[in-house]
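Structure assessment
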Amino acid sequence: MSARRKLSTWLLTRLGTLGWGTLMAGALLATFEWTGLGTKWVHGILTKRMAVLGGELELGEADFQWLEPSLVLRDLSLRTEEEVLSVDHLHVRFGWQGGLSLAPTMVHMDGARVLLDQAIAARVRGLLDVPGATISDNDEEREGKTPRLPSLPEVLLEDLTLLVRSSAGDQLELFHVDLSMEETEALPKIVGRVQTPRQR
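Model, not experiment: these values are computed from the prediction.

1. Describing the pattern of salt bridges
Counted according to the given criterion, the structure contains five salt bridges. When salt bridges that share partners are traced, they join Glu 61, Asp 63 and Arg 74 into one network.

2. Remarks on the confidence of the model for the chain
The share of residues in the chain with pLDDT of 70 or more is 64%, and the mean pLDDT across the chain is 77. Here residues 132–137 is a poorly scored stretch, pLDDT under 50, and it has five contacts once near neighbours within four places are set aside; other chains count.

3. Some remarks on the side chain of Ser 77
Position of Ser 77 among the secondary structure elements: in strand 2 (residues 70–79). Among residues more than four places away in sequence, those in contact with Ser 77 are Glu 56, Leu 57, Glu 58, Glu 83, Leu 85 and Ser 86.

4. Observations concerning the packing of aromatic side chains
Counted by the stated rule, this structure contains two aromatic pairs. Ring plane angle 10° and centroid distance 5.0 Å describe the contact between Phe 64 and Trp 66, whose orientation is recorded as stacked. According to the relative accessible area criterion, Phe 64 is buried, its value standing at 10%.

5. Comments concerning the pairing of strand 2
Within strand 2, seven of the 10 residues are buried, which leaves the element mostly enclosed by the surrounding structure. Judged from the nine bridges that link them, strand 1 (residues 56–65) and strand 2 form a sheet pairing that is antiparallel. Counted as the bridge partner of Glu 58 is Ser 77 from strand 2. If you look at the hairpin formed by strand 1 and strand 2, you'll find four residues sitting between the two strands. With nine bridges joining them, strand 2 and strand 3 (residues 83–96) adopt antiparallel strand pairing. Directly across from Leu 76, in strand 3, lies its bridge partner Val 87. Taking the residues that link successive antiparallel strands as the turn, the strand 2-strand 3 hairpin has three residues.

The rules we used
- Residues numbered from 1 in each chain as written.
- Predicted model: local features only at pLDDT ≥ 70, side-chain atom pairs only at ≥ 80, totals over all residues.
- Heavy atoms only, no water.
- Salt bridge = Lys/Arg side-chain N within 4 Å of Asp/Glu carboxyl O.
- pLDDT = per-residue confidence, 0-100.
- Contact = heavy atoms within 4.5 Å.
- Helix = DSSP H or I, 4+ residues; strand = E, 2+ residues; numbered from the N terminus.
- Phe/Tyr/Trp six-rings, centres within 6.5 Å; stacked < 30°, edge-to-face > 60°.
- Buried < 20%, exposed > 50% of the residue type's maximum accessible area, 1.4 Å probe, protein only.
- Pairing = 2+ DSSP bridges.

Written out as structure tokens, the structure reads:
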């Protein structure tokens, strides 16, 4: 057998192995989604992450966009004594940042309702804690720079409704918000609009 034929045989064998491996990986990923295991896995992660808020977290569907890569969540809600958060559509895109870890680079939320409550607001502080987000006075003096915020993803909020609880216990619409936020060289830049129910 000539050297050229040996090389061709070796390449075809490797390509065949790669093809079967890709097919098997695709089948496993599809099974992971179609059986609902993906949704259960995401629900478990979110439940642990948002445990500080208390209440029960519900998730309708998690759709994995493997090629983008991104994650789409539908019908997400959090209930304590009543529903305090609901999101119809949440799209989170990921990218490589600082090493080999994936981090959110874009968050798009469409159709959300948030109940403004003092108890919930106090718990959100724990949810938003970011390790390494602070800088000591000595570090600041040594670097001669103002402290920087951690890297933030691009954020797009559409049809966000903010509610408050009346003295009678009813939920009243306060504002409707549409905004976008992107990180600049200095501080995050926020652009959007706020409407009252009468303006809609």
